[in-house]
Amino acid sequence: MTRATTSKPRRSWKPSGAWITTRKVVQYLALLVFLVLFVLARRGDTAGDIVNIPMRLDPLLALSNLLSSRVFLMGSSLALLTVLLTLIFGRAWCGWLCPLGTVLDLFSLNRCRKIDAATPPDGWRGVKYFLLMVILVAALLGNLTLLVLDPLTLFYRTLAASIWPALDQIITASEVALYRIPFLAAPVSALDMWLRPEIFPSEPVYYRNALVFAIIFLGIIALNLKAPRFWCRYLCPLGGLLGIISKAALIRREVGEGCKGCTLCTQVCPTGTIDPQKNYASDPSECTMCLDCLEACPRSGIVFKARVSPAAWNEYDPGRRQALTSLGLAVAGVALVRSTPHTFREPSHLLRPPGTRENDFLEKCIRCGECVAACPTAALQPAVFEAGLEGLWTPVLVPRLGYCDYSCSACGQVCPVEAIPALTLEEKRTQVVGTAYINTNRCIAWSDHQDCIVCEEMCPVPDKAIYLEEATVILRGGETKRIQLPYVNRELCIGCGICEYKCPINGEAAIRVYVPSDNVLSF
Amino acid sequence: MAKMTRREFLRYLALGTSAATLNQFLAACGQSAETLMPTDTAKATWTKALIPTETRQSPTATHTEQGEIAPQATTDPSPEPSPTPLGSPDLVVARGGQPEELIRHAMAALGGMEQVVSKGVDVIIKPNICIAYHSYEYATTTNPWVVAALVKLCLEAGASRVRVMDYPFGGTPEQAYIVSGIAEQVAAAGGEMAFMPGFKYVATEIPMGRDVHEVEIFDDILTTDVLIDVPIAKHHSLAKLTLGMKNLLGVIKNRSAMHRNLGQRLADLTSLVMPDLTVVDAVRMLMDHGPTGGNMADVKNMDTVIVSRDIVAADSYAATLFGMHPDNLDFIRAGAEMGLGTSKLDELRIEEVTANA
């Protein structure tokens, strides 16, 4: 085997060919489908079973949910397709379908750089297996927190709570600016009619921590500076799961007679798994089947063909020691995140999506953000710390930012794991999300004796869960005034939060929705 | 494909942008002034005719300026005030019949839609589509066939375009348009459902305003040639009733703030908007738990519509259907006091027609 004759590796060189074109077409189509389904989830007029297909294809989500909830869902069997794909083609999901992988390919930053970036040691590849084991053990103990690191949930959450709202802001600001220019008013209106409510919501939506999600996402892209597809190589737990399955994959990359050791394949491999020391062989668990090497090879030295025999175990692959460490870590971690106050007493304003009260919500929710995207009023927001670390980025209802729309039951329809039950509109209308309480110190009718019945007016319950009592109050000057004072009928209140959302005072509303107290009516 | 340098890219980008801009500009020049800058001729003449002389300085002053730029360009054949022919009633009440028949009879008795809509004008119909919760049977949103009949009459009178819009406070507009049944009927009648996007709200002075002097209002409401206000008669706990004047709350941005001193503030808003025609839908009335409703027990079938070019008069008459005296409603008193119309029903020429006769 002779060493490379080219003295200078051309790092900006990218191979091309029919296979690569095909792969890219598939990648962009998959990304497009992912985005289109996201937009359709937003619009709410497409069946939930269609918009949540990407999540259901993800075997990591399906397996963790199964271990944690101990309920087998028919919908999750879609993930078997991905498993089957992996058993045949190895990690083709990563190279051909994963939307996050495609984004990382689009931003393969280090190819533009001239420096010969020193890639991290191979041992780092073990991190993803370690993460995977922690996730699965924690899931067995009923905790799904680390699913925030699943590539699909990560991308989807960022889309819903960060990228889309930001695009919406930019578009709205441009529209406001351009509409003032006389001859642009008509085209701007036409553009807006095309964009809303089809692609962007008709009313601007706001998400807490939109910036945090964006920073995490950009951070993962920035890791590409260190090595191409850094995330997929070293961190991605789904990649880890598919990697282990790939050990038994049917189709393998093999180096044949034609190889003259030119190292071109080593240079183009996005996961850096082609090892010149091992006769240019690669690890099927690391290979994303991108076929760059196939097209790069000038001598047809590389073939992909079927072969039935498990691949060799590498140093970085999970071993007994890692398994034990991850087991210990998962147990300790789950115990610690449960040893916080929120498990003992429900936080006042930890409102969950409709229908989840009687449900072991935390054991089911995979933090995918489908419900966040589907909620038309942006009432559902990824939790920050309301639910403790255990409930990180699970959906919570924040009435001051949006209300639970009386004409909507989208969250339950799109939930891929039935953490939010799929209720009909009639069923959902009777679900008690919380209970409203009036803060009479802040209410302008109660404390300032001004006419305001907005909460009562907005209440969607047919017989009004907020009622008004006429009272005679004494004003500062001594004269009296007849005024209507709002009260909450807690037997009727469903906690939709439109009263809190529309309360006209600034800052904290004078009426707030609290977690429902089951015993409040028994007194 | 040859690789493009950054400089070339920027050059093409600039070229493309300017071409696109120029294109829009040229397209804009080619259009008639009326579509781009709808004049308020129709509205201005109407308000002049209605408002007593002492308060006559047009309430839509900000927009009459635009109107003066190109009044000749309009196809409005009657620039002089001629709101109703002599002998036509001020207000018509039609009873007993299908919604479309009610509207047709009522408008015919009022002197025909041609009194309001001239050939080629742009019309906006503002029904009450305040929530996306219930179908029209619950009497929370305007009857779809009432709206559709108005669309047809406007088109028959020669309107160039009839748009129907509202901005609900509960649920999304797209959902509300469908649930109310209005989207379907309007489309069948040849009108278009339009949305009210946030960027189109402009801060506008209310020259006659007594309590509110500026509101952020949907631009098209002020720039359209003809505005038809089509409320449904409903209970409301603060205003007591929501009728034509209250329905106008749907065209502004910050509605919650209007609830203090609601009566006067509604009158202030009405002085700015001044619909050219008010049609109160009392086919079904919501007697309690308004404006959101949802309980069939609160719905009363009346098979009645009220039409008038005087919004205060229309609201006053509608109040009597609930057994209320107009003077007991703050917004009607405030509106009458500001000279926006008359609340004294005995001074009006009221014609009652029966649609199924």
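Residue indices begin from 1 for each chain and proceed along its sequence in written order. Lettering for chains starts from A, numbering for ligands starts from 1, and both go in the order in which the items are written. Only residues with pLDDT of 70 or above have their local features reported here, since the model is predicted, and side-chain atom pairs are shown and tallied only from 80 upward, although totals for entire chains, interfaces and linings are computed over all residues. Excluding hydrogens and water, the side-chain figures rest on all heavy atoms present in the structure.

Draft legend 1. Seen up close, the overall build of chain A. Check the secondary structure of chain A and you find 24 helices and eight strands. Buried, partly exposed and exposed residues are distinguished by accessible area as a fraction of the type maximum, computed with a 1.4 Å probe on protein chains only: under 20%, between the cut-offs, and over 50%, respectively. Counting all 523 residues of chain A, 53% fall into the buried class. The contact definition used throughout considers only heavy atoms, calling two residues in contact when any of these lie within 4.5 Å. Sequence separation of 24 or more characterises 78% of the internal contacts of chain A that already satisfy a separation of 6 or more. Here the Shrake-Rupley method, with its probe set to 1.4 Å, supplies the accessible areas, and only the displayed protein chains count as covering residues. Carbon and sulfur atoms make up 63% of the accessible area of chain A, which amounts to about 23,400 Å² in all. Strands here are runs of E lasting at least two residues and helices are runs of H or I lasting at least four, both read from the DSSP assignment and numbered beginning at the N terminus.

Draft legend 2. Up close: the interface of chain B and chain A. Contact residues are listed per partner, giving 39 residues for chain B and 39 residues for chain A. Note on chain B versus chain A: buried area summed over both sides is about 3,300 Å², and carbon and sulfur give 57% of it. In short, buried area is how much 1.4 Å probe accessible area vanishes from two parts on joining, totalled over both. Looking at the side of chain B facing chain A, the largest losses of area belong to Tyr133(B), Phe169(B) and Phe199(B), adding up to 22% of the total buried there. Any Lys or Arg side-chain nitrogen located within 4 Å of an Asp or Glu carboxyl oxygen qualifies as a salt bridge. Put simply, chain B and chain A have one salt bridge between them. The salt bridge partner of Glu457(A) is Lys246(B), with a shortest N-O separation of 3.5 Å. Here a polar contact is recorded for every N or O atom pair within 3.5 Å, except that within protein the pair must consist of a potential hydrogen donor and a potential acceptor, and residues adjacent in sequence are included only if both atoms are side-chain atoms. The interface formed by chain B and chain A holds 19 residue pairs in polar contact (both at pLDDT 80 or more) in total. The biggest single contributor to the side of chain B that touches chain A is helix H1 (residues 6-30) of chain B, with four residues.

Draft legend 3. Structural view of the packing of helix H1 (residues 18-43) of chain A against helix H7 (residues 99-106) of chain A. Residue and element names in this part refer to chain A. For the pair H1 and H7, interaxial distance at closest approach is 9 Å and the crossing angle is 120°. Classified by the angle between their axes, H1 and H7 sit oblique to one another. Seen from above, H1 lies across H7 with left-handed handedness. Residues Arg23, Gln27, Tyr28, Leu31 and Phe34 of H1 touch H7, and the partners they reach there are Pro99, Thr102, Val103, Asp105 and Leu106. Only the stretch in contact is used when a helix axis is fitted, and all axes are lines through C-alpha atoms; the angle between N-to-C directions ranges over 0 to 180 degrees. Working definition: roughly parallel below 35 degrees, roughly antiparallel above 145 degrees, roughly perpendicular at 65 to 115 degrees, and oblique for all remaining angles. If you view the pair so one helix is near and one far, a crossing is left-handed when the near helix is turned anticlockwise from the far one by less than a right angle, and right-handed when it is turned clockwise.

Draft legend 4. Spatial organisation of the nonpolar core. With 113 residues, the main nonpolar core has Phe38(A), Leu60(A), Trp231(A) and Ile511(A) as its most contacted residues. With nine residues, helix H9 (residues 151-179) of chain A is the single largest residue contributor to this core. Each domain's limits were defined by an automated method or a database of domain assignments. Three or more residues apiece are contributed to this core by two domains, here domain 1 (7-343) and domain 2 (433-523) of chain A. Setting aside its immediate chain neighbours within four residues, Phe38(A) contacts Tyr156(A), Leu159(A), Ala160(A), Trp164(A) and Ala373(A). Take the buried Ala, Val, Leu, Ile, Met, Phe, Trp, Tyr and Cys residues and link them wherever side-chain atoms come within 4.5 Å; each set so joined is a nonpolar core. Ranked by size, the runner-up nonpolar core spans 101 residues in total, among them Leu468(A), Val151(B), Ile311(B) and Leu345(B).

Draft legend 5. Spotlight on the packing of H7(A) against H9(A). Residue and element names in this part refer to chain A. Axis separation between H7 and H9 bottoms out at 8 Å; the angle between their running directions is 70°. Relative to H9, the element H7 lies roughly perpendicular. Packed against H7, whose contacting residues are Pro99, Leu100 and Val103, the element H9 presents Pro151, Leu152 and Phe155 at the interface. Considering only residue class, the contact of H7 with H9 consists of six nonpolar, no polar and no charged. Charged means Asp, Glu, Lys or Arg here, nonpolar means Ala, Val, Leu, Ile, Met, Phe, Trp, Tyr, Cys or Pro, and polar covers whatever is left, Gly included.

Draft legend 6. Geometry of the pattern of salt bridges. Tallied over the entire structure, the rule returns 33 salt bridges over all chains. Close ionic contact of Glu470(A) with Arg482(A) constitutes a salt bridge, the shortest N to O distance being 3.1 Å. One end of the pair, Glu470(A), is in strand S6 (residues 466-474); the other, Arg482(A), is in strand S7 (residues 480-488), with 12 residues separating them in the sequence. Between Arg104(B) and Glu156(B) there is a salt bridge whose closest N-O contact spans 2.9 Å. A residue pair is termed long-range when its members are at least 10 positions apart, and Arg104(B) in helix H5 (residues 99-110) and Glu156(B) in helix H6 (residues 144-156) qualify at 52 residues. For Arg104(B), a relative accessible area of 25% gives the class partly exposed. Salt bridges sharing common partners tie together Asp122(B), Arg161(B), Arg163(B), Lys200(B) and Asp220(B).

Draft legend 7. Fine view of the packing of aromatic side chains. All names here are of chain A. Only Phe, Tyr and Trp rings take part, Trp by its six-membered ring, and two of them pair if their centres are within 6.5 Å. Stacked means planes under 30 degrees apart, edge-to-face means over 60, and tilted covers everything else. Counted under the stated rule, the structure contains 19 aromatic pairs over all chains. Measuring from ring centre to ring centre gives 5.4 Å for Phe38 and Tyr156, while their planes differ by 80°; the resulting arrangement is edge-to-face. Here Phe38 is found in helix H1, whereas its partner Tyr156 is found in helix H9, with 118 residues between them in sequence. Note on accessibility: Phe38 and Tyr156 belong to one class, buried. Grouping aromatic residues by their ring pairs yields a cluster made of Phe34, Phe38, Phe155, Tyr156, Trp164, Phe200 and Phe217. One cation-aromatic arrangement involves Arg125 over Tyr316; the distance from NZ or CZ to the ring centre is 5.8 Å. A cation over a ring is seen here: Lys247 above Trp313, with NZ or CZ 5.3 Å from the ring centre. As a reminder, the over-ring test applies to NZ of lysine and CZ of arginine, requiring each to be within 6 Å of the ring centre and within 35 degrees of the ring normal.

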